[in-house]
Amino acid sequence: MSLRTGASSGASVQTDPDRARRVIAASRRAFDERYPGLKLAPVVGLICAYEEEDNIGAVLAAMPAESCGLAVTTLVVVDGGADKTDRVSLQSGAVTFVLGENLGHGYALRVGYALCMELGAQFVVTLDADGQNDPAEIPVMLQPLVDDEADFVVASRVLGRDTTTDSVRKAGVRVFSRILSTMGHTKLTDTSNGYRALRVSMLEDVAHRLVQSQYQTAELLIIALRRGWRVTERPTVWLPRASGTTKKGKNWLFGLRYGRVVFGTWWRVRKEPPHS
């Protein structure tokens, strides 16, 4: 498994790249021992989880075995932690990769992407472990990829329905969506939504360019737009966390960190040519 492990400017605590490589390599050995000869289904539902033992069980129970006529594998990457998220995932029957230490959501996603690219998946749908995304909407997200209308589908709580009550966070969604739309010469309404459907052939072009250990939604989207991949949106419902509190920090801190990732990524990849 080859991952780029640059330190993140968006994480509250930067992850040392050498430590990350060691943790990922050791965790991959344990994963291969648990799942020798594993092949993934054409569609992977990828869930990255950090200390979500109280929430992830209901999400996994709702994951479909098939979507848009294709088989679905549920893949959980457990990003360290001291609770029983890994046990809940394994008991549910999900394919489970357990990182021995907490590295950050961006690292966990890149582990998941690498597994999908290596083990035969065609499409990936990412969703949260906290219950804010409804797995029943996976066909809505996946269909544009299956129909070859897009390479990257972003869920939109603006086009759909946002059932949460944080007006500051809602305003931030709209502000950053305008900024990223301007950067990408497109029109998107919800660029910070982690509910996404991705073509694996696009990930093969984009994933090695990712460096953030947190807030990777914006980084992935900016790079995909810059590289000329087809991006579209679909309306979905945004639900409150099933329990617990967000790990993204207070609104002002999240906005500051997210903004740093947005502008830092745009500056870093502004001269990237389109994919061939």
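Here goes a summary of the coordinates provided. (Residues numbered from 1 in each chain as written. Predicted model: local features only at pLDDT ≥ 70, side-chain atom pairs only at ≥ 80, totals over all residues. Heavy atoms only, no water.)

**So, empty space enclosed by the protein**
Stage number 1. Applying the stated criterion across every chain, the model contains one cavity of 30 Å³ or more.
Stage number 2. In terms of lining residues, the largest cavity is bounded by L46, I47, C48, H105, L109, T126, L127, D128, G194, R196 and T217.
Stage number 3. Residue assignment for the lining of the largest cavity shows that the elements contributing at least two residues are β1 (43-49), α4 (105-118) and β5 (123-128).
Stage number 4. Partitioning the lining of the largest cavity into residue classes produces five nonpolar, four polar and two charged. (1 Å grid on protein atoms, 1.4 Å probe; cavity = no way out; pocket = protein on both sides within 12 Å on 5 of 7 lines; lining within 4 Å. Points joined across faces, edges and corners; volume = space filled by probe spheres on them. Helix = DSSP H or I, 4+ residues; strand = E, 2+ residues; numbered from the N terminus. Nonpolar A, V, L, I, M, F, W, Y, C, P; charged D, E, K, R; others polar.)

**Some thoughts on the layout of surface pockets**
Any empty space left between atoms is shown by rolling a water-sized probe over those atoms.
Stage number 1. Counted as a void, the second largest pocket has a volume near 180 Å³.
Stage number 2. Taken together, L180, T182, M183, G184, H185, I222, L225, R226, W266, V269 and R270 make up the lining of the second largest pocket.
Stage number 3. Looking at the lining of the second largest pocket, the elements that each hand over two or more residues are α6 (167-184), α8 (216-226) and α9 (251-269).
Stage number 4. Here the lining of the second largest pocket gets four residues from one element, more than from any other, and that element is α6.
Stage number 5. Within the lining of the second largest pocket, the residues separate by chemical class into six nonpolar, three polar and two charged.

**What to know about the packing of aromatic side chains**
Stage number 1. Here the structure, examined in full by the defined rule, presents four aromatic pairs.
Stage number 2. Ring geometry for F31 and Y35: centres 5.0 Å apart, planes at 50°, overall tilted.
Stage number 3. Measuring from centroid to centroid gives 4.9 Å for F176 and Y258, while their planes differ by 75°, and the two rings are edge-to-face. Of this pair, F176 sits in helix α6 while Y258 is found in helix α9, placing the two residues 82 residues apart along the sequence.
Stage number 4. Among the aromatic residues, ring-to-ring pairing joins F31, Y35 and F97 into one connected group. (Phe/Tyr/Trp six-rings, centres within 6.5 Å; stacked < 30°, edge-to-face > 60°.)

**A short note on the side chain of D79**
Stage number 1. Its location among the elements puts D79 in strand β3 (residues 70-79).
Stage number 2. Among buried Asp, Glu, Lys and Arg side chains, D79 stands out as unpaired, with R19 the closest opposite charge at 7.9 Å.
Stage number 3. Of note is the side chain of D79, whose polar atom sits 2.8 Å from the backbone nitrogen of L103.
Stage number 4. Reaching out from D79, the side chain makes a polar contact with the backbone nitrogen of G104 at a distance of 2.9 Å.
Stage number 5. The residues touching D79, leaving out its near neighbours within four places in the chain, are A49, Y50, L99, E101, N102, L103, G104, H105 and A108. (Buried < 20%, exposed > 50% of the residue type's maximum accessible area, 1.4 Å probe, protein only. Lys, Arg positive; Asp, Glu negative; His and termini not counted. Salt bridge = Lys/Arg side-chain N within 4 Å of Asp/Glu carboxyl O. Polar contact = N/O pair within 3.5 Å; in protein donor to acceptor, adjacent residues only side chain to side chain. Contact = heavy atoms within 4.5 Å.)

**Examining the nonpolar core**
A general trend in soluble globular proteins is that nonpolar side chains are found buried together.
Stage number 1. If you look at the biggest cluster of nonpolar residues, it comprises 53 residues, and the most contacted ones within it are L46, L99 and F152.
Stage number 2. Ignoring sequence-local partners within four residues, the contact set of L46 consists of L75, V77, L109, G112, Y113, V124, V125, T126 and L127.
Stage number 3. Grouped together as the second largest cluster of nonpolar side chains are 24 residues, L60, F123, L127 and L142 included. (Core = buried A, V, L, I, M, F, W, Y, C linked by side-chain atoms within 4.5 Å.)

**So, the side chain of D130**
Stage number 1. Its location among the elements puts D130 in the loop between β5 and α5 (138-146).
Stage number 2. Judged by its relative accessible area of 7%, D130 falls in the buried class.
Stage number 3. A distance of 3.1 Å separates a polar atom in the side chain of D130 from the backbone nitrogen of Q132.
Stage number 4. A distance of 3.2 Å separates a polar atom in the side chain of D130 from a polar atom in the side chain of R241.
Stage number 5. Not counting residues within four places of it along the chain, the set of residues in contact with D130 comprises E52, N55, R241 and A242.

**Brief notes about the pairing of strand β4 (residues 95-99)**
Stage number 1. The element β4 is extensively covered by neighbouring structure, given that four of its five residues are classed as buried.
Stage number 2. Pairing of β3 with β4 involves five bridges; the strand directions are parallel. Note that in β4 the partner of L75 across the bridge is V95.
Stage number 3. At this point the chain moves from β3, through helix α3 (residues 85-92), to the parallel β4, and the crossover so formed is right-handed. (Pairing = 2+ DSSP bridges. Right-handed = clockwise from strand over helix to strand, strands pointing away.)

**A word on unusual backbone geometry**
Most of the time, phi is negative for any residue but glycine, and the peptide bond is trans.
Stage number 1. The backbone of E51 sits at a positive phi, close to 50°, despite the residue not being glycine.
Stage number 2. Given the relative accessible area of 33%, E51 is considered partly exposed.
Stage number 3. With phi around 55°, H185 is a residue other than glycine that occupies positive phi space.
Stage number 4. Examined against the element boundaries, H185 turns out to sit in the loop between α6 and β7 (196-199).

**Focus on the pairing of β7**
Stage number 1. Here β7 shows two buried faces, one formed by R196 and L198 and the other by A197 and R199.
Stage number 2. Bridge count between β5 and β7: four bridges; the pairing is antiparallel. Within β7, the residue paired with V125 across the bridge is A197.
Stage number 3. Examined bridge by bridge, strand β6 (residues 152-162) and β7 share three bridges and lie antiparallel to one another. The partner of F152 across the bridge, within β7, is L198.

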